[in-house]
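What the coordinates show
What follows is each chain in one-letter form.
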Amino acid sequence: NPCQTGNVALGGETAAFLKGKGDIFGRLEEVQIGDPVVVYTDNNWYLYVITDLKPVMKTPDVFAQTPDSRLTLFTCWPRFGWTWYLMVTAVPYELR
């Protein structure tokens, strides 16, 4: 569940063969550290803040559980190149 201890991993495509169909992470490479991410479920929404983004060459272990609460977004990268993966990590937003 979002914002509970552990890792919520969501993967998506950066490009689709049918224009506008399936490219849910088409603009993921534009995010920056500190940007907000909202995750909607059937009965709630959860706010995260991006803490890290990096391209990785090998398939990332995005499904590994973590001792903290974390959101991991991942996609093939670069767009139409698909030789790397882009990993974006976020943590629950906390009011200060």
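In this convention, every chain numbers its residues from 1, walking through the sequence in written order. For a predicted model such as this one, the threshold for reporting local features is a pLDDT of at least 70, and the threshold for listing and counting side-chain atom pairs is 80 or more; totals across whole chains, interfaces and linings nevertheless cover every residue. Calculation of side-chain values draws on the structure's entire complement of heavy atoms; hydrogens and water are dropped beforehand.

Attention shifts here to the overall build of the protein. Numbering of helices and strands starts at the N terminus; helices are DSSP runs of H or I of at least 4 residues and strands are runs of E of at least 2. The helix and strand tally for the protein stands at 0 helices and 5 strands. Going from N to C terminus, the protein has its helices and strands arranged as β-β-β-β-β. In the protein, which comprises 96 residues, the proportion classed as buried is 32%. Should any heavy atoms of two residues lie within 4.5 Å, those residues are counted as being in contact. Partitioning the intrachain contacts of the protein with sequence separation of at least 6 by distance along the chain shows that 59% fall at a separation of at least 24. Just so you have it, the protein exposes about 6800 Å², and 56% of that area is on carbon and sulfur atoms. Only protein chains enter the accessibility calculation, which uses a 1.4 Å probe; a residue is then buried when its area is under 20% of its type maximum, exposed when over 50%, and partly exposed in between. All accessible-area figures derive from a Shrake-Rupley calculation using a 1.4 Å probe, and residue coverage is judged against the displayed protein chains alone.

With that settled, consider a nonpolar patch on the surface. Judged by side-chain polarity, Val38, Tyr40 and Trp45 come together as a nonpolar surface patch covering roughly 380 Å² of accessible area. Positionally, tyrosine 40 belongs in strand S2 (residues 36–40). The class of tyrosine 40 is exposed, set by a relative accessible area of 65%. Here a patch means residues that are over 30% exposed by relative accessible area and free of salt bridges, tied together within 9 Å if like-charged and within 5 Å if nonpolar (Val, Leu, Ile, Met, Phe, Trp, Tyr). When a carboxyl oxygen of Asp or Glu lies within 4 Å of a side-chain nitrogen of Lys or Arg, that pair is called a salt bridge.

Put simply, a nonpolar core is a bunch of buried Ala, Val, Leu, Ile, Met, Phe, Trp, Tyr and Cys residues held in one set by side-chain atoms that sit within 4.5 Å of each other. Residues Leu28, Val37, Tyr48, Leu71, Leu73 and Val88 are the most contacted members of the largest nonpolar core, which totals 13 residues. Counting residues per element, the ones that place at least two in this core are S2, strand S3 (45–56), strand S4 (69–77) and strand S5 (84–92). Once you skip the residues sitting within four places of it in the chain, valine 88 turns out to touch Leu28, Val31, Ile50, Asp52, Leu53, Leu71, Thr72 and Leu73.

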